[in-house]
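Working through the structure, step by step
Each chain, written out:
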Amino acid sequence: MSGNHSDVEKRLWDAADELRANSKLKSSEYSVPVLGLIFLRYADQKFSEMEKTLAAASTGRRKIGKTDYQAKGVLYLPEPARFSTLLRLTEGDNIGKAINDAMKAIEEENEDLKGVLPRTYTSLENATLVELLKLLASIPMDIEGDAFGRIYEYFLGKFAMSEGQKGGEFFTPTAIVKLIVEVIEPFHGRIYDPACGSGGMFVQSARFVENHKKNPSAEIMVYGQEKTAETVRLCKMNLAVHGLSGDIREANSYYEDLHHAPGRFDFLMANPPFNVDRVNKERIKDDKDRFPFGMPSVDNGNYLWIQLFYSSLNDTGRAGFVMANSAADARGSELGIRKQLIQSHAGDVIIAIGSNFFYTVTLPCTLWFLDKGKQAPPPSLSGRGSGVRAPDTVLFLDARHIYRQIDRAHRDFTPEQIEFLANIVRLYRGEKPEITNGSNALVAEKFPELRYADVAGLCKVATLKDIENQGWSLNPGRYVGVAPGDAVSDEDFKERLEVLNEELESLNDQARGLEEAIAHNVAEILNA
């Protein structure tokens, strides 16, 4: 794309948001149609490029048709669905109906998109649609790389910010997703996300494969579940915009397993909803394949998700997922499940993330990484490298002080910071650091010999014995400590207070549940 990517994205967003502000629509009513038009513009560009290629190669003996485009991995667009056709419409035409018909025509020609594309354009005013079409037509044709994919992703994130809680349910901040991908390194195989939202984990996995000079379509297969039909459609559009295909299904992962997940996947990534209550555990308590460590007695879904992630991996599978901070120190039955998980030797890396990374909540979170293949002999013992990882070790990383301030309320990681954090994990594993995004200075400062070493306030390798001594806690703060000269700041105190408050609310919920259970049991005894 000519010019700066960020400038183009911002210009497009500002213009699109101004159109929304001048219409009668809420952000939630506006987001899906706009994302649909970005998809249409992208599909038209790919079609136009292939049209020229096929015409140049044609001998004229046979008419070029739908199968020629599909054989090249390009969506076939009939004439009414071309972006250029829609651009020629005037305000006197029924533009909403024309776009709806275009979406329907694309679905009829491309089976994978059946029922996916939005058809709510008649709810937008003609003038708004004309301006939106002109706006998207202004995207330069000489784009490079995955520019449309980045624009789609940028708009997803901005809509998530403007839609509050609902938007946050389908979108995980890109910086968090990139860090998860860099740590689990999904080079090849089956990737699963049972809470896939808009599919950001899959998109970043494909980008990771591309960055390592491989073809994502040949190297990875993606599988997802999502309980909301609208979000399933967003995910399928997101994959299509990025030139990917996948098996994305609508299902509630607590109760349904449409992909027959246990033991099947090479990689798993997810950002599940935190602290969900009222999951009907009676329906799933006998499912030992998916919940091998048993049911938590508390009314909280965190440890159901963690078991789903663990059980979906094959014998060498890796998982990376976002989790509420309170899960690392949860007590009672959840502690028992966590202890079994740690003793299985699958726990690999735990990273503490600071507050304000998510659009809808300010709470900090923790990234958990599992690796069932970690049970192999460590590199340091076999003489293959300088890593310190062993079957009974877990690397704890405190990244709460590493961030970039985007605006007053939001933070993210720079590419350099993501690479630095991933390189700490690579050194722990005895792998060579990757230096393509400028992390060399940070790596040299903390690890001058390019070998892993514990750094106070940043990282610490703990053994299972160490973890047992800490009451089976997976809270990085208990292991990493504080860097020399660093004092506990007001912000640290605030974050700690937020975590404690979250834990207190969880305990209060448990107490209320116990109170109800005791009252029920006493009533039954008295009435017997």
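Residues numbered from 1 in each chain as written. Predicted model: local features only at pLDDT ≥ 70, side-chain atom pairs only at ≥ 80, totals over all residues. Heavy atoms only, no water.

**Let's talk about the side chain of Glu 219**
- Along the chain, Glu 219 turns up in helix α11 (residues 216–219).
- Lacking a salt bridge, the buried Glu 219 has Lys 214 as its closest oppositely charged neighbour, with an N-O distance of 4.8 Å.
- Once residues lying within four places of it in the same chain are set aside, the contact partners of Glu 219 are Phe 187, His 188, Gly 189, Val 209 and Lys 214. (Helix = DSSP H or I, 4+ residues; strand = E, 2+ residues; numbered from the N terminus. Buried < 20%, exposed > 50% of the residue type's maximum accessible area, 1.4 Å probe, protein only. Lys, Arg positive; Asp, Glu negative; His and termini not counted. Salt bridge = Lys/Arg side-chain N within 4 Å of Asp/Glu carboxyl O. Contact = heavy atoms within 4.5 Å.)

**Let's talk about a nonpolar patch on the surface**
- Together, Leu 514, Ile 518, Val 522 and Leu 526 make up a nonpolar patch on the protein surface, roughly 420 Å² of accessible area in all.
- As for its position among the elements, Ile 518 is in helix α20 (residues 490–527).
- Residue Ile 518 is classed as exposed on the basis of its relative accessible area, which comes to 54%. (Patch = residues over 30% accessible without salt bridge, like charges linked within 9 Å, V, L, I, M, F, W, Y side chains within 5 Å. Areas by Shrake-Rupley, 256 points an atom, 1.4 Å probe, with all protein chains shown as cover.)

**Re helix α14 (residues 333–343)**
- Considered for burial, the residues of α14 that qualify are Glu 334, Ile 337, Arg 338, Leu 341 and Ile 342. When α14 is viewed along its axis, its buried side chains cluster within an angular range of 135° and face the same direction.
- Positive phi appears at His 345, one or two residues downstream of α14, with a value of about 70°. (Arc of directions from axis to C-beta.)

**A few points about the sheet that holds strand β2 (residues 220–226)**
- An order of β3-β2-β1-β4-β5-β7-β6-β8-β11 is seen for the nine strands of this open sheet, with the pairing classed as mixed. The two strands at the open ends of the sheet, each matched to only one other strand, are β3 (247–250) and β11 (459–463). Pairwise comparison of adjacent strand axes, ignoring direction, gives a mean angle of 15° for this sheet.
- Examined bridge by bridge, strand β1 (residues 189–193) and β2 share five bridges and lie parallel to one another. Bridging across to β2, Asp 193 finds its partner in Gly 224.
- Of the strands in this sheet, β2 and β3 are in contact with helix α12 (residues 229–241), which crosses β3 at around 170°. (Pairing = 2+ DSSP bridges. Axes fitted to C-alpha atoms, helices over the stretch in contact; angles between N-to-C directions.)

**Notes on empty space enclosed by the protein**
- What the rule picks out here adds up to two cavities of 30 Å³ or more.
- For the largest cavity, the calculated volume is near 60 Å³.
- Forming the boundary of the largest cavity are Leu 341, Ile 342, Gly 347, Asp 348, Ile 350, Trp 368, Phe 369, Leu 370, Val 394 and Leu 474.
- When residues of the lining of the largest cavity are traced back to their parent elements, those giving at least two are α14, β6 (347–353) and β7 (365–371).
- Partitioning the lining of the largest cavity into residue classes produces eight nonpolar, one polar and one charged. (1 Å grid on protein atoms, 1.4 Å probe; cavity = no way out; pocket = protein on both sides within 12 Å on 5 of 7 lines; lining within 4 Å. Points joined across faces, edges and corners; volume = space filled by probe spheres on them. Nonpolar A, V, L, I, M, F, W, Y, C, P; charged D, E, K, R; others polar.)

**Section: the confidence of the model for the chain**
- Taken residue by residue, the chain gives an average pLDDT of 87. The fraction at 70 or more is 90%.
- The low-confidence segment residues 381–385 (pLDDT under 50) makes five contacts with residues lying over four places distant or belonging to another chain. (pLDDT = per-residue confidence, 0-100.)

**So, the layout of surface pockets**
- The volume enclosed by the largest pocket comes to roughly 1400 Å³.
- In terms of lining residues, the largest pocket is bounded by 39 residues, among which Glu 153, Thr 174, Lys 178, Arg 404 and Asp 412 are the most central.
- Where the lining of the largest pocket is concerned, the elements lending two or more residues are α1 (5–21), α7 (147–163), α9 (174–184), α10 (200–211), β9 (404–407), β10 (410–412) and α16 (415–429).
- It is α7 that contributes the most residues to the lining of the largest pocket, six residues altogether.
- Classifying every residue of the lining of the largest pocket gives 13 nonpolar, 11 polar and 15 charged.

**Overview of the pairing of β1**
- Counted residue by residue, β1 has four buried out of five residues, so it is predominantly covered.
- Bridge count between β1 and strand β4 (residues 265–270): two bridges; the pairing is parallel. Each bridged residue has a counterpart across the sheet, and for Ile 191 the counterpart in β4 is Phe 267.

**A closer look at the nonpolar core**
- Ranked by internal contacts, the top residues of the largest apolar core, which has 55 residues, are Tyr 30, Ile 38, Ile 99 and Phe 155.
- Counting only elements with at least two residues in this core, the list comes to α1, α2 (27–57), α4 (83–87), α5 (95–109), α6 (126–137), α7 and α12.
- Ignoring sequence-local partners within four residues, the contact set of Phe 155 consists of Glu 9, Leu 12, Trp 13, Ala 16, Val 34, Leu 35 and Ile 38.
- Grouped together as the second largest cluster of nonpolar side chains are 52 residues, Val 183, Val 222, Val 443 and Leu 458 included. (Core = buried A, V, L, I, M, F, W, Y, C linked by side-chain atoms within 4.5 Å.)

**Focus on the pairing of strand β5 (residues 313–324)**
- Most of β5 sits out of view: 10 of its 12 residues are buried.
- Where β4 and β5 come together, five bridges link them in parallel fashion. What sits directly across from Phe 265, in β5, is Leu 313.
- In the classification by handedness, the crossover that spans β4, the intervening helix α13 (residues 302–312) and the parallel β5 is right-handed.
- Relative to β7, β5 runs antiparallel, the two being bridged by seven bridges. Within β7, the residue paired with Phe 321 across the bridge is Trp 368. (Right-handed = clockwise from strand over helix to strand, strands pointing away.)

**Things to note about the packing of α5 against α6**
- One can describe the packing of α5 onto α6 by two numbers: an axis separation of 9 Å at closest approach and a directional angle of 55°. When the axes of α5 and α6 are compared, the pair comes out oblique. Judged by residue contacts, Ile 95, Gly 96 and Ile 99 of α5 engage Asn 126, Leu 129, Val 130 and Leu 133 from α6.
- Looking at the contact of α5 with α6 residue by residue, the class counts come to five nonpolar, two polar and no charged. (Parallel < 35°, antiparallel > 145°, perpendicular 65-115°, else oblique.)

**Quick word on the packing of α2 against α12**
- It is the contact of α2 with α12, at a shortest axis distance of 10 Å, that shows an interaxial angle of 25°. Between α2 and α12, the angle falls in the class roughly parallel. Regarding α2 and α12, the two cross each other, and that crossing is left-handed. Residues Val 32, Leu 35, Gly 36, Phe 39 and Tyr 42 of α2 pack against Glu 230, Leu 234, Met 237, Ala 240 and Val 241 of α12. (Left-handed = near helix turned anticlockwise from the far one by under 90°.)

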